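As a plain string of letters, each chain reads:
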Amino acid sequence: MLSSVRLLPMITAAILTGCGSAHAPLDSSSHDPTEEDWYSQTVEQLAGMNREAETLFQNGKADQAAAIIVNGQPLMSRILSVPRPTLAAMEAASDLDHLYGRMLLANRHYGWARLFFQKNLARWKHREPRTPETARRLKQAESAIAECDRHLVD
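All of these numbers come straight from a predicted model, not from anything done at the bench. (Residues numbered from 1 in each chain as written. Predicted model: local features only at pLDDT ≥ 70, side-chain atom pairs only at ≥ 80, totals over all residues. Heavy atoms only, no water.)

Participant: Give me the lowdown on the layout of surface pockets, citing residues and values where you can.
Facilitator: One water molecule sets the probe size; rolling that probe over the atoms shows where empty space is left. Size it by volume and the largest pocket reaches roughly 310 Å³. If you list the elements that add at least two residues to the lining of the largest pocket, you get α2 (37–58), α4 (87–106) and α6 (132–152). Counting residues per element, the lining of the largest pocket draws most heavily on α4, which supplies 8 residues. For the lining of the largest pocket, the per-class residue count stands at 5 nonpolar, 4 polar and 8 charged. (1 Å grid on protein atoms, 1.4 Å probe; cavity = no way out; pocket = protein on both sides within 12 Å on 5 of 7 lines; lining within 4 Å. Points joined across faces, edges and corners; volume = space filled by probe spheres on them. Helix = DSSP H or I, 4+ residues; strand = E, 2+ residues; numbered from the N terminus. Nonpolar A, V, L, I, M, F, W, Y, C, P; charged D, E, K, R; others polar.)

Participant: Help me get a handle on the packing of aromatic side chains, residues and values and all.
Facilitator: Note on aromatic pairs: each is described by the distance of the centres and the angle between the planes. Per the counting criterion, the structure on display carries 2 aromatic pairs. Centroid distance W38 to Y39: 5.4 Å. Interplanar angle 75°. Geometry classified as edge-to-face. On the basis of relative accessible area, W38 is assigned to the partly exposed category, the value being 21%. Judged by relative accessible area, which is 1%, Y39 ranks as buried. Aromatic side chains Y100 and F116 sit 5.2 Å apart centroid to centroid with 45° between the ring planes, which places their arrangement in the tilted category. You can see Y100 sitting in helix α4 and its partner F116 sitting in helix α5 (residues 110–125), a full 16 residues away along the chain. Of the two residues examined, Y100 and F116, each falls in the buried class. (Phe/Tyr/Trp six-rings, centres within 6.5 Å; stacked < 30°, edge-to-face > 60°. Buried < 20%, exposed > 50% of the residue type's maximum accessible area, 1.4 Å probe, protein only.)

Participant: Any details on the packing of α4 against α5? Residues and values, ideally.
Facilitator: Each packed pair of helices is defined by two parameters, the angle between the axes and the distance between the axes. It is at 8 Å that the axes of α4 and α5 come closest, and there the two elements cross at 160°. Relative to α5, α4 is oriented roughly antiparallel. Between α4 and α5 the crossing geometry is left-handed. Where α4 abuts α5, its residues L87, M90, E91, A93, S94, D97, H98, Y100, G101, R102, L104 and L105 lie against Y110, W112, A113, F116, F117, K119, N120, R123 and W124. (Axes fitted to C-alpha atoms, helices over the stretch in contact; angles between N-to-C directions. Parallel < 35°, antiparallel > 145°, perpendicular 65-115°, else oblique. Left-handed = near helix turned anticlockwise from the far one by under 90°. Contact = heavy atoms within 4.5 Å.)

Participant: I'd like a rundown of the side chain of T42, residues and numbers included.
Facilitator: Among the structural elements, T42 can be located in helix α2. A residue is classified by how much of its surface remains accessible, and T42, at 6% relative accessible area, is buried. Separated by 2.6 Å, the side chain of T42 and the backbone oxygen of W38 make a polar contact. With residues near it in sequence (within four places) discarded, T42 still touches L75, R78 and I79. (Polar contact = N/O pair within 3.5 Å; in protein donor to acceptor, adjacent residues only side chain to side chain.)

Participant: Explain the packing of helix α3 (residues 62–80) against α4 to me, using residue names and the numbers behind them.
Facilitator: At a minimum axis separation of 10 Å, α3 and α4 run at an interaxial angle of 150°. As for the relative orientation of α3 and α4, their crossing is left-handed in sense. Residues A62, A65, A66, I69, V70, G72, Q73, M76, I79 and L80 of α3 lie in contact with α4, whose contacting residues are A89, M90, A93, L96, D97, L99, Y100 and M103. Residues of the contact of α3 with α4, tallied by class, amount to 15 nonpolar, 2 polar and 1 charged.

This is the structure:
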């Protein structure tokens, strides 16, 4: 119960971070921001945070994992704010949202979990080109939403 209480402020902070204004779009005709060093470094930093949070969550340290996820939200916003985010950026953002959704599901916050899984559904449903990996991630999001829905109707 205490863990659930601690996660609620972190969830709120994550959602409010996601509602903040995005960086001003750059003139895409002159250069591609995904080609800049900061972009690939930020994507790798977020992917590393995802791996660390996943390990903590698997080891029963949900509060520490949640703190890492909250700290990853601004990075996610930055890498997704460019005109055409890379596949690696989309995957890192997806992994962050999926882990947070799983944590919320484990704490019986089914509606909030569904919200994070729904973001992934939208992310992968319209991603082109379609690949086996994007199809796998879409199916993963659909399954997670179905799991939330089963609990919401109980």
